[in-house]
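What follows is each chain in one-letter form.
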Amino acid sequence: MTTTIGETPRTGRRAAVLAKLHGRTAAGVPRWAVWAAYATTLTPLPSGIWRIAAFVFGAPLLEYGAAPPPGHGPVLIDGVWWYIVTLSVVSEAMAFLTVGLVARWGEVWPRWIPGLGGRPVPVLAAVLPAGLGAAVLLIFPFALVMYAFGRMINGSSTGLIVHGWQSVAFWVTYAPLAAWGPLLGLLTVHYFRRRRLRLPGGRAHAAEMAGRSTAAGR
């Protein structure tokens, strides 16, 4: 295995593993953006594990102030387990799409997509849904503040009680959700600015064309 200057075999292997998991990093993406995208994919994971453990397997992670409402509590026998699992899996899949803002497959459609494979991804096709998603995800910080006061988003009582280690487990697993929206918004702005500079008329595109003209005139 060959390594570049400043790269050790260990970092080279780590980069290869990350490339297989997330795809090749796009040109011009700084390291901070790559790690921010990877961190974003992990923001919903702890809460998803908490939900599955508490609501599907009945782990003692919370208590109800009254009798459990229909469809809550250990739900393996209630037939609602698929909803909890699906919610967690879909949340993680949506978070993983953030990697497209720093990866090559977020700029060029993968070749396995019929009719689009190999073509550039329109900037707005990525920026608009990502920006809308970032705005919607800002509901999480508000929801966590409301929960701290024992209320749901609509102001009604949660009916759930956590105390002691249960409270620690809840906040450790749900607090990362507050960072999902801001991180996605930051990466969306960076993606837009980076792609715009490389479009015809952008500074990077102009510099590239000037360089080609100079080389051709020699």
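Predicted, not measured: the structure shown is a model, and the values here were computed from it.

Caption draft 1: Looking closely at the overall build of the chain. Along the backbone of the chain there are nine helices and two strands. Starting at the N terminus and ending at the C terminus, the chain contains elements arranged as α-α-α-β-α-α-α-β-α-α-α. Here the chain holds 218 residues, and the buried ones make up 32% of them. Restricting the contact set of the chain to residue pairs at least 6 apart, pairs at least 24 apart contribute 65%. Accessible area of the chain: about 13,500 Å², with a carbon and sulfur share of 70%.

Caption draft 2: Representation of the nonpolar core within the structure. Counting 37 residues, the largest nonpolar core has W50, V102 and L187 as the members making the most contacts within it. Setting aside anything within four residues of it in sequence, one finds L187 in contact with W32, A33, A36, A37, T40, T98, L101 and V102.

Caption draft 3: Seen up close, helix α6 (residues 139-148). Considered for burial, the residues of α6 that qualify are L144, M146 and Y147. Viewed along the axis of α6, the buried residues span an arc of 160°, placing them on a single side of the element. In the core, the buried residues of α6 are packed alongside β2 (160-161), α7 (165-174) and α8 (177-197). Backbone geometry just after α6 places G150 at a positive phi near 75°.

Criteria and cut-off values
Residues numbered from 1 in each chain as written. Predicted model: local features only at pLDDT ≥ 70, side-chain atom pairs only at ≥ 80, totals over all residues. Heavy atoms only, no water. Helix = DSSP H or I, 4+ residues; strand = E, 2+ residues; numbered from the N terminus. Buried < 20%, exposed > 50% of the residue type's maximum accessible area, 1.4 Å probe, protein only. Contact = heavy atoms within 4.5 Å. Areas by Shrake-Rupley, 256 points an atom, 1.4 Å probe, with all protein chains shown as cover. Core = buried A, V, L, I, M, F, W, Y, C linked by side-chain atoms within 4.5 Å. Arc of directions from axis to C-beta.

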